[in-house]
Amino acid sequence: MFGFILKGSRYKSVVTPRRAAAAIACCWIVSLFVGLTPMFGWNNLNKMRRTQEANASHTAFVIRCQFENVISMEYMVYFNFFVWVLPPLLLMLIIYLEVFNLIRKQLDKKVSSNSSDPQKYYGKELNIAKSLALVLFLFALSWLPLHTLNCITLFCPSCQTPSILIYIAIFLTHGNSAMNPIVYAFRIQKFRTTFLQIWHQYICCEANKNTNNLDDTELGNWPLERAGTIPDVPYLDLQKPL
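Thresholds applied
- Residues numbered from 1 in each chain as written.
- Predicted model: local features only at pLDDT ≥ 70, side-chain atom pairs only at ≥ 80, totals over all residues.
- Heavy atoms only, no water.
- Helix = DSSP H or I, 4+ residues; strand = E, 2+ residues; numbered from the N terminus.
- Buried < 20%, exposed > 50% of the residue type's maximum accessible area, 1.4 Å probe, protein only.
- Contact = heavy atoms within 4.5 Å.
- Expected span 1.5 Å × (residues − 1).
- Phe/Tyr/Trp six-rings, centres within 6.5 Å; stacked < 30°, edge-to-face > 60°.
- Disulfide = S-S within 2.5 Å.
- Core = buried A, V, L, I, M, F, W, Y, C linked by side-chain atoms within 4.5 Å.
- Patch = residues over 30% accessible without salt bridge, like charges linked within 9 Å, V, L, I, M, F, W, Y side chains within 5 Å.
- Areas by Shrake-Rupley, 256 points an atom, 1.4 Å probe, with all protein chains shown as cover.
- Salt bridge = Lys/Arg side-chain N within 4 Å of Asp/Glu carboxyl O.

**Q** Got a minute to help me understand the overall build of the protein in this structure?
**A** Along the backbone of the protein there are 11 helices and 0 strands. When the helices and strands of the protein are placed in sequence order, the string is α-α-α-α-α-α-α-α-α-α-α. The proportion of buried residues among the 242 residues of the protein is 26%. Contacts in the protein between residues at least 24 apart in sequence constitute 74% of all its contacts with a sequence separation of at least 6.

And the structure:
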């Protein structure tokens, strides 16, 4: 996201394919670390065993496979939510507010005699920023309900949460994965063109002639023929003089 507030020349020098690949790899490594932490001991297994031993039960140790029985709420709230969800969400919110503020300042400036129409240029960048902000909003809308219920479960053990609310919250978290490509496809022309190209070529198994007819103006800077490279991401050139 920081690339959106860099100048065009600086953006291309900073966001290289190798650095972008390294950033993506780091995201996957962190995700694996956070997601697999309960498998390395931060779970309710020992707690359930102690409870069974305290009850002097001689029956076979059986775990009822329910999320709240297996996963520790301390892990879900303190580690997952308070460390890996809430701070990045607030940081992204601050960044988007700064981006919108910079665009608004550029649009409010008077047009100089030797500059192009800022309304047309920054209006396009504003639409891109709105699309990405919508993705952030949908992420918050999808994940905050479940984390809120987890906080209620941890801090108010006597509170009874209706099962229907839990099911809806879980459904929203799973549905968030399907929202992003739809938002990108409907809001950003380059995403929509590339998405349709992938759909026709790999899903519908149509001949390449249908996709090869798309000219460079439709695909922008994202042709799929560039195997092994990372496409150029549109940036907000907020430093461009008017």
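**Q** Please explain helix α6 (residues 86-108) as it appears in this structure.
**A** Residue pairs three or four apart in sequence face the same way in an α-helix, which turns once every 3.6 residues. Taking 1.5 Å per residue as the helical rise, α6 with its 23 residues ought to reach 33 Å, and the 33 Å between its terminal C-alpha atoms agrees with that figure. Turning to α6, its buried residues are Leu89, Ile95, Tyr96, Val99, Ile103 and Gln106.

**Q** What's the story with the packing of aromatic side chains in this structure? I'm lost.
**A** Here the distance between the centres and the angle between the planes together describe a pair of aromatic rings. Under the defined criterion, the tally for this structure stands at 10 aromatic pairs. Grouping aromatic residues by their ring pairs yields a cluster made of Phe33, Trp42, Tyr75, Phe79 and Trp84.

**Q** Honestly, the state of the cysteines in this entry has me stumped. Any pointers?
**A** Structurally, a disulfide amounts to a covalent bond that connects the sulfur atoms of two cysteines. Under the defined criterion, the tally for this structure stands at 1 disulfide. The thiol of Cys204 is not disulfide-bonded; the next cysteine sulfur, from Cys205, is found 7.7 Å away.

**Q** How should I be thinking about the nonpolar core in this particular structure?
**A** Nonpolar side chains tend to gather and get buried jointly when the protein is soluble and globular. Counting residues in hydrophobic clusters, the biggest one holds 11 residues: Val34, Ile71, Met73, Tyr75, Met76, Val77, Phe79, Phe81, Val85, Cys151 and Leu154. If you list the elements that add at least two residues to this core, you get α5 (73-84) and α7 (118-155). Ranked by residues supplied to this core, first place goes to α5 with 6 residues. With sequence-adjacent residues up to four places away left out, Met76 is seen in contact with Phe67, Ile71, Phe81, His147 and Asn150.

**Q** Honestly, a nonpolar patch on the surface in this entry has me stumped. Any pointers?
**A** Nonpolar side chains collect at one region of the surface, where Val30, Phe33, Tyr78, Phe82, Val83, Trp84 and Phe155 lie side by side and expose about 650 Å² of accessible area between them. Looking at the nonpolar patch, the elements that each hand over two or more residues are α2 (17-36) and α5. A per-element tally of the nonpolar patch places α5 first, with 4 residues. For Phe33, a relative accessible area of 48% translates into the label partly exposed.

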